[in-house]
Amino acid sequence: MRYLTFALGKGRLAAQTMKLFEQVGITCEEMKDEKTRKLIFVNEELKLKFFLSKGPDVPTYVEYGAADVGIVGKDTILEEGRRMYEVLDLGYGKCRMCVCGPESAKELLKHQELIRVATKYPHIAKEYFYNQRHQTVEIIKLNGSIELAPIVGLSEVIVDIVETGSTLKENGLQVLEEICPLSARMVVNQVSMKMENERIGKIINDLKAVL
Ligand code: PRP
């Protein structure tokens, strides 16, 4: 039997995923050691391998077949646009992709003004403004702390993830428009889905039963 390889987005998502996997008998003792610097973890008995990567790299590993299965946020799936199957909504990591900004930006959106949009998600922002809103905007890519942009005058609005809304609130910003709901998803390599249909299909069904 060949190894089935899982790519997990580093951090909270990975911890929640392993907790869920335990409920269907998929375990990895090696991964529980918080001090480890290991990059790849094995369950010899079940012939499974797990590795942690930066979230946006998960779809890359899955598309190329370096991982058979990936666990990643819907935001990353939409942004990366990789060829793979999205097979399951895992229900955790729930949040929303939104256009946010100060109250004053409402008018700029309403009148389709040529505004600047700062975001970690340029593809999602472009798709939303150009194809859904039919509004021409200038998109500025940032790598984090996106809420800073409208505060310091880099952009009029941002496209970003909102979970509790407290980052916005504490910085005098608000949700102006909702783009889509987000949560953690399971994705599968297209060839693996055929070649390992039985094993992967069983995992999907077991997970569905506990979700
Ligand atoms: C995310 C997101 C918001 C924040 C939203 O940032 O970009 O900044 O969480 O959460 P809230 O609605 O509960 O306040 P993250 O912490 O992932 O880091 P980043 O700013 O570097 O992207």
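The structure presented is a predicted model; accordingly, all values stated were derived computationally and were not measured.

A. Representation of the overall build of the chain. Within the chain one finds nine helices and 11 strands. The principal-axis extents of the C-alpha atoms in the chain amount to approximately 60 × 35 × 30 Å. Counting over 211 residues, the chain shows a buried share of 45%. Relative to all contacts within the chain whose residues are 6 or more apart in sequence, the contacts with residues 24 or more apart total 67%. Within the structure as shown, the chain displays about 11500 Å² of accessible surface, and the carbon and sulfur contribution to it stands at 50%. With 29 positive and 30 negative side-chain charges, the chain shows a separation of 2 Å between the mean positions of the two kinds.

B. Just the nonpolar core, in detail. Counting 28 residues, the largest nonpolar core has F6, F21, F50, M186 and L207 as the members making the most contacts within it. Listing elements by their share of this core, those giving two or more residues are strand 1 (4–9), helix 1 (12–23), strand 3 (48–53), strand 4 (69–73), strand 11 (184–188) and helix 9 (197–210). Broken down by element, this core gets its largest block of residues, five residues, from helix 1. Aside from chain neighbours lying at most four places away, what touches L207 is L20, F21, V24, L88 and M186. One finds Y121, I124, V157 and V159 within the second-largest nonpolar core, a separate group that totals 19 residues.

C. View of the site of the ligand. Every residue close to the ligand is listed here: K120, G144, S145, E147, D160, I161, V162, E163, T164, G165, S166 and T167. Within the side chain of D160, an N or O atom sits 2.8 Å from an oxygen atom of the ligand. A distance of 2.8 Å separates an oxygen atom of the ligand from a polar atom in the backbone of E163. Coverage of the ligand by the protein chains reaches 66% of its 490 Å² of free accessible surface. Elements with a minimum of two residues in the shell around the ligand: strand 9 (157–162) and helix 7 (166–170). For the shell around the ligand, the leading source of residues is strand 9, giving three residues. Tallied by class, the residues present in the shell around the ligand amount to two nonpolar, six polar and four charged.

D. Expanded view of the environment of D57. Here D57 is to be found in the loop between strand 3 and helix 2 (58–63). On the accessibility criterion, D57 (35% relative accessible area) is partly exposed. Measuring from C-alpha to C-alpha, the distance between D57 and A7 comes to 9.0 Å, with 50 residues separating the pair along the chain.

E. Layout of the domain arrangement of the chain. The domains assigned to the chain are domain 1 (4–93 + 183–210) and domain 2 (96–180). Using C-alpha coordinates to define each centre, domain 1 is positioned 30 Å away from domain 2. On the domain 2 side, the residues contacting the four residues of domain 1 number eight residues. Both sides of the domain 1 and domain 2 interface together cover about 500 Å² of buried area, and 52% of this is carbon and sulfur. Ranking the residues of domain 1 by area buried against domain 2 places D75, L78 and E79 at the top, with a combined share of 88%. Between domain 1 and domain 2 we count one salt bridge in total.

F. Quick peek at the pattern of salt bridges. The full count for this structure, using the stated rule, is 18 salt bridges. Salt bridges linked by common partners bring R2, D68, E196 and R199 together as one network.

G. Main features of the environment of G201. Take G201: it is sitting in helix 9. In this structure, the C-alpha to C-alpha distance between G201 and E113, residues 88 residues apart in sequence, is 48 Å.

Cut-off values and rules
Residues numbered from 1 in each chain as written. Predicted model: local features only at pLDDT ≥ 70, side-chain atom pairs only at ≥ 80, totals over all residues. Heavy atoms only, no water. Helix = DSSP H or I, 4+ residues; strand = E, 2+ residues; numbered from the N terminus. Buried < 20%, exposed > 50% of the residue type's maximum accessible area, 1.4 Å probe, protein only. Contact = heavy atoms within 4.5 Å. Areas by Shrake-Rupley, 256 points an atom, 1.4 Å probe, with all protein chains shown as cover. Lys, Arg positive; Asp, Glu negative; His and termini not counted. Charge placed at Lys NZ, Arg CZ, Asp CG, Glu CD. Core = buried A, V, L, I, M, F, W, Y, C linked by side-chain atoms within 4.5 Å. Near = heavy atom within 4 Å. Polar contact = N/O pair within 3.5 Å; in protein donor to acceptor, adjacent residues only side chain to side chain. Nonpolar A, V, L, I, M, F, W, Y, C, P; charged D, E, K, R; others polar. Domains from an automatic or database assignment. Buried area = accessible area lost by both parts, 1.4 Å probe. Salt bridge = Lys/Arg side-chain N within 4 Å of Asp/Glu carboxyl O.

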